[in-house]
Amino acid sequence: MSAPQLGRPDHHVDNLCVILDYNGIQLDDHVKKILDLEPVMEKWKSFGWPVIEIDGHDLAQIDKALDQAEAIHGKPTFIVAHTVKGKGVSFMEDNPEWHGKAPTPAEAVRAIREILGSTGDAARTDPVCHLSPDHGIVAEAVRAANEGTGPSEGVLIPRRYRG
């Protein structure tokens, strides 16, 4: 079924909300260099869908957009969440090379240090979120980034960085 057909009132999909994580990167390169999707918003508007554009890194904007979508009746909603792949990590940010690639343990440590700050102090001082060793490479990388300063059974991750 095509998007215009899906949005017809007789399909009763007003509880459907599509969120496009629009980071502009696909597997091989930037989308504009391979198969440009623009004008994305205008295409979905032409299908009769209400379109909401947000900064996909801003939780307040995400919450507001979801509230707006919930308030729309009789048709589905399309949210375009503009994001930057790898945001906050210098060697990953907006780099297509990292689209489908996992970091090595050393790269993961470097990335976590960049996100938390070079000293990792935030991870040591916020006891709200605990990550156990059972969480694999991320736990190992955080533990290494904290250089053994977390508790022996795991490490502490600041509230703002947990999923």
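Scope of this entry: the structure provided in the associated data block. (Residues numbered from 1 in each chain as written. Predicted model: local features only at pLDDT ≥ 70, side-chain atom pairs only at ≥ 80, totals over all residues. Heavy atoms only, no water.)

A word on the side chain of T83. Examined against the element boundaries, T83 turns out to sit in the loop between β3 (77-82) and α5 (105-116). At a separation of 2.3 Å, a polar atom in the side chain of T83 contacts the side chain of D21. (Helix = DSSP H or I, 4+ residues; strand = E, 2+ residues; numbered from the N terminus. Polar contact = N/O pair within 3.5 Å; in protein donor to acceptor, adjacent residues only side chain to side chain.)

By the element assignment, D21 lies in strand β1 (residues 17-22). Exposure remark for D21: the relative accessible area of 47% places this residue in the partly exposed category. When the C-alpha atoms of D21 and T83 are compared, they prove to be 6.5 Å apart, with 62 residues separating the residues in sequence. (Buried < 20%, exposed > 50% of the residue type's maximum accessible area, 1.4 Å probe, protein only.)

Moving on, we come to unusual backbone geometry. The residue D94 is not glycine, and still its phi comes out positive at about 55 degrees. Locating D94 in the fold gives a position in the loop between β3 and α5.

To continue, consider a negative patch on the surface. Together, D36, E38, E42 and E53 give the surface a local cluster of negative charge. With respect to the element layout, D36 can be found in the loop between α2 (31-34) and α3 (40-46). (Patch = residues over 30% accessible without salt bridge, like charges linked within 9 Å, V, L, I, M, F, W, Y side chains within 5 Å. Areas by Shrake-Rupley, 256 points an atom, 1.4 Å probe, with all protein chains shown as cover. Salt bridge = Lys/Arg side-chain N within 4 Å of Asp/Glu carboxyl O. Lys, Arg positive; Asp, Glu negative; His and termini not counted. Charge placed at Lys NZ, Arg CZ, Asp CG, Glu CD.)

What follows concerns the environment of K45. Of note, K45 is situated in helix α3. Look at K45 and you get partly exposed, because its relative accessible area is 45%. Through-space distance from the C-alpha of K45 to that of T77 is 9.8 Å; in sequence the pair is 32 residues apart.

This brings us to helix α4 (residues 59-71). For α4, spanning 13 residues, the distance from its first C-alpha to its last is 18 Å, which sits close to the expected 18 Å at 1.5 Å a residue. Capping of α4 at its N-terminal end is provided by D58; its side-chain oxygen lies 2.9 Å from the backbone amide nitrogen of A60. (Expected span 1.5 Å × (residues − 1).)

On to the sheet that holds β3. Spatially, the three strands line up as an open sheet ordered β1-β3-β2, and their pairing is parallel. Strands at the two margins of the open sheet, each flanked by one partner only, are β1 and β2 (51-55). The sheet shows a mean angle of 20 degrees between the axes of neighbouring strands, taken without regard to direction. Here β1 pairs with β3 via six bridges, running parallel. Its bridge partner lying in β3, L20 is registered against V80. This element, α4, spans β1, β2 and β3 of the sheet and lies at about 170 degrees to β2. (Pairing = 2+ DSSP bridges. Axes fitted to C-alpha atoms, helices over the stretch in contact; angles between N-to-C directions. Contact = heavy atoms within 4.5 Å.)

Don't take any of this as a statement about function, it's just geometry.
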